[in-house]
Amino acid sequence: MISILDLRFLVFSLVFSFSLHAQVRIEGRVMSANDSLPIPGASVYFDGTSIGVSSGDDGLFSINTENKISSPLIIAALGYRTRILPNEMEKAQSGIIYLEETQESLGEVHLETDPWSSQKKLDIFRWEFLGNDRAALQCQIKNEEALDLRYIPSTQTLIAFSYEPLKIINRYLGYEITYNLTDFKAEFSTASGLRLTTMVYYEGYSFFKELRKKPSARFLSNREKAFKGSSLHFMRSLASQQLVENNFRIFYKSYEVLPYSYFRLNPGNDLVEVELLGEKIILVYEPLVQSVIQADGKFYIDKYGNYTPPQNVLFSGEMSKSRVAQMLPLNYNI
């Protein structure tokens, strides 16, 4: 999930066509803003899904989807600034997307001496980004050399930047994930000589590709385990008003309440508007798995369980412990 930045100065437009069976075709051409030459091999995908393609030698691409998706469209190419296209299909008229060349890094912004070794920072990044469970042990970042990691002693904070999209092989869920890391921060505190993690925040754009043409039974089983009780499972259940059917129970101030008494739902054509009617709502999946949801204002859920704006929603408890190793594409099982 990502926060969408100000895109008023983005030069882009796409061609969209709709079939009688609600299929949406998105076509366009990716070109360099520097010399107007086509950019081959650019990744074009809906954030957080397995729906996407690469541009051809002429920069052209075409994506077919069965349903409208609220996730932004991401256009990324090595050596160019990633573009984020908000999902405003009806406003698009032509088909050229210009990418600007870029050179980004953490640079010399922080003048403090970094006392941590490269290996220590990398180990901690893996632990906080991929996770520390069985799934994480079966994940590998193929291009760790693309990471720029820095520890800031005065704030006990580890920050990270990636020079190129991270290539993650997940042999637990059976995906190859392309992850455009835009922000990573892990904050720590020290008590009795022990380092404790107090906050982890990361943000980026992800694209999922099957490791095999036909996923194995083990992959399918692990995906179902990762899905059950997840924030994705909850959001889909809330939007479709199937919390009870999907084994979610709702508590407020330690008391169980009716499933929708603290959620105001306003279904629309493509999105469900949600407003929380309490500050902290406790979510219990099946007998023991407990999480808490908070929201700063209204948010919206699409058919896939994607919610926007993501910065308006905060999970704590079990749902917040899930990391990239347990992450599924938004179109999982759709």
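Described below are features of the structure shown in this document. Fair warning: this is a prediction, and the values are worked out from it, not measured in the lab.

**Remarks on the layout of surface pockets**
Thinking step 1. A volume near 1,400 Å³ is recorded for the largest pocket.
Thinking step 2. Along the walls of the largest pocket sit 44 residues, with Y202, S231, M319, S320 and S322 positioned nearest its centre.
Thinking step 3. Among the elements of the structure, β14 (194–210), α3 (217–227), α4 (231–239), β20 (289–295), β23 (313–317) and α5 (318–321) are those that each provide at least two residues to the lining of the largest pocket.
Thinking step 4. For the lining of the largest pocket, the element with the most residues is β14, which contributes 8 residues.
Thinking step 5. The residue inventory of the lining of the largest pocket, partitioned by class, reads 23 nonpolar, 13 polar and 8 charged.

**Some thoughts on the packing of aromatic side chains**
Thinking step 1. Taken as a whole and judged by the stated rule, the model has 17 aromatic pairs.
Thinking step 2. Between F234 and F248, the aromatic rings sit 5.6 Å apart at their centres with planes inclined by 75 degrees, giving edge-to-face as the arrangement. Separated by 14 residues along the polypeptide, F234 in helix α4 and F248 in strand β15 (residues 248–252) bring together distant segments of the chain. With respect to class, F234 is no different from F248; both count as buried.
Thinking step 3. When the ring centre of F188 is taken as origin, the NZ or CZ atom of R195, which lies over that ring, is 5.4 Å away.

**Here we look at the pattern of salt bridges**
Between side chains of opposite charge, a pair can form as their charged atoms come close.
Thinking step 1. Under the defined criterion, the tally for this structure stands at 12 salt bridges.
Thinking step 2. Two residues, K228 and E224, come together in a salt bridge whose shortest N-O distance is 3.4 Å.
Thinking step 3. Take E224: its relative accessible area is 27%, and that puts it in the partly exposed class.
Thinking step 4. Between E273 and K298 there is a salt bridge, with the nearest N and O atoms lying 3.7 Å from each other. Of this pair, E273 sits in strand β18 (residues 272–276) while K298 sits in the loop between β20 and β21 (299–301), placing them 25 residues apart in sequence.
Thinking step 5. Connected via shared salt-bridge partners are D123, R126 and E144.

Thresholds, definitions, all that
Residues numbered from 1 in each chain as written. Predicted model: local features only at pLDDT ≥ 70, side-chain atom pairs only at ≥ 80, totals over all residues. Heavy atoms only, no water. 1 Å grid on protein atoms, 1.4 Å probe; cavity = no way out; pocket = protein on both sides within 12 Å on 5 of 7 lines; lining within 4 Å. Points joined across faces, edges and corners; volume = space filled by probe spheres on them. Helix = DSSP H or I, 4+ residues; strand = E, 2+ residues; numbered from the N terminus. Nonpolar A, V, L, I, M, F, W, Y, C, P; charged D, E, K, R; others polar. Phe/Tyr/Trp six-rings, centres within 6.5 Å; stacked < 30°, edge-to-face > 60°. Buried < 20%, exposed > 50% of the residue type's maximum accessible area, 1.4 Å probe, protein only. Lys NZ or Arg CZ within 6 Å of the ring centre and 35° of its normal. Salt bridge = Lys/Arg side-chain N within 4 Å of Asp/Glu carboxyl O.

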